[in-house]
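Secondary and tertiary structure notes
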Amino acid sequence: MLYAGTFDPITNGHLDLIRRASRICEELVVGVLTNPAKKTKYSMDERLEMIRLATESLDNVVTDHFDGLLADYVVNNHISTVLRGLRAGIDFENEIQMAQMNARLYKERTETIFMMTDPSHSFISSSIVKEVFSYGGDISGLVPTQVYEYMKKIKEEKGDK
Ligand code: COA
């Protein structure tokens, strides 16, 4: 199963889905994409490291990264299931459009499945977390503890984040 995203950074909303999905599949690949439409705050290596820190206790979760079309990655790696999270009504329209376009592009029988985000995480997005963090606001509980520590370390090292 593949769970793909920008993860800039991984949040507790993402982690909740990763935990739940890891219980229903043999192996979950968390795929970090280079999305040219989004300018990321954290480098690919930093995002991968934060996912690794957040998921180290989950034995069947692995990370990977790729650019280009999600469907190409799915076809090249013979992925049978793609997981997407749904936070609220607003996600649904976009998600159905993406899932239907991807379904055209998959050459094998790949299914997109959706899991509801836990309501306590419904309001979280990576952008809102970054915004609050950049002003020094408290984001504990919104990102995994190890990720929060890592973000603070990077902020100290780079000074400007
Ligand atoms: N909990 C908390 N936040 C969540 C969440 C959850 N369960 N699920 C999603 N989010 C947040 C994300 O952090 C992201 O926040 P941001 O916009 O502030 O960065 C936002 O909701 C949107 O998430 P998502 O739709 O997963 O966007 P994404 O950029 O992380 O991933 C891709 C989208 C990369 C998977 C998609 O653009 C893609 O497949 N791109 C590859 C190119 C391609 O194939 N294009 C054709 C598609 S048909």
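Details of the structure are given in the entry above.
In this report, we go over the structure that sits alongside the text.

Cut-offs applied
- Residues numbered from 1 in each chain as written.
- Predicted model: local features only at pLDDT ≥ 70, side-chain atom pairs only at ≥ 80, totals over all residues.
- Heavy atoms only, no water.
- Helix = DSSP H or I, 4+ residues; strand = E, 2+ residues; numbered from the N terminus.
- Buried < 20%, exposed > 50% of the residue type's maximum accessible area, 1.4 Å probe, protein only.
- Near = heavy atom within 4 Å.
- Polar contact = N/O pair within 3.5 Å; in protein donor to acceptor, adjacent residues only side chain to side chain.
- Areas by Shrake-Rupley, 256 points an atom, 1.4 Å probe, with all protein chains shown as cover.
- Axes fitted to C-alpha atoms, helices over the stretch in contact; angles between N-to-C directions.
- Parallel < 35°, antiparallel > 145°, perpendicular 65-115°, else oblique.
- Left-handed = near helix turned anticlockwise from the far one by under 90°.
- Contact = heavy atoms within 4.5 Å.
- Pairing = 2+ DSSP bridges.
- Right-handed = clockwise from strand over helix to strand, strands pointing away.
- Expected span 1.5 Å × (residues − 1).

Observations concerning the environment of Y135
Of note, Y135 is situated in the loop between α5 (126–134) and α6 (145–158). Look at Y135 and you get exposed, because its relative accessible area is 70%. Y135 sits 51 residues away from R84 along the chain, and the two C-alpha atoms are 30 Å apart.

Things to note about the site of the ligand
In the neighbourhood of the ligand, 24 residues make up the surrounding shell, with T6, K38, R84, S126 and S127 lying closest. Side-chain polar atom of H14 to an oxygen atom of the ligand: 3.1 Å apart, as the coordinates give it. Contact distances for the ligand include 3.1 Å between a nitrogen atom and a backbone N or O atom of I124. Relative to its free-state accessible area of 930 Å², the ligand is covered by the protein chains to the extent of 81%. Breaking the shell around the ligand down by element, the ones donating at least two residues are β1 (2–5), α1 (12–22), α4 (89–105) and α5. Here the element with the most residues in the shell around the ligand is α4; it accounts for 4 residues.

Focus: the packing of α5 against α6
As a packed pair, α5 and α6 sit with axes 12 Å apart at the nearest point and diverge in direction by 50°. Classed by the angle they form, the pair α5 and α6 counts as oblique. For the element pair α5 and α6, the recorded crossing hand is right-handed. Contact residues: V129, F133 and S134 in α5; Y148, M151, K152 and K155 in α6.

What to know about the pairing of strand β2 (residues 28–34)
Burial runs high along β2: 6 of the 7 residues are buried. As judged from the 4 bridges shared by β1 and β2, these two strands associate in the parallel manner. Across the sheet, residue G5 finds its bridge partner in β2, namely V32. Between β1 and its parallel partner β2, the chain crosses via α1, and the hand of that crossover is right-handed. Relative to strand β3 (residues 61–67), β2 is paired through 7 bridges, and the arrangement is parallel.

What to know about the sheet that holds β1
Read from one edge of the open sheet, 5 strands run β3-β2-β1-β4-β5, paired in parallel fashion. In the strand order of this sheet, the two ends are held by β3 and β5 (111–116), each with one partner. Strand-to-strand, the axes of this sheet are offset by a mean angle of 35°, without reference to chain direction. Contacting β1, β2, β3, β4 (81–86) and β5, α1 runs over the sheet at an angle of about 120° to β5. Contacting β2 and β3, helix α2 (residues 44–55) crosses the sheet at an angle of about 160° to β2.

Some points on α2
The terminal C-alpha atoms of α2 lie 16 Å apart, and with 12 residues this matches the ideal 16 Å at 1.5 Å per residue to within 8%. By the burial criterion, the buried members of α2 are M44, E46, R47, L48, M50, I51, L53, A54 and T55. Looking at the packing, one finds that the buried side of α2 touches α1, β2, β3 and α6.

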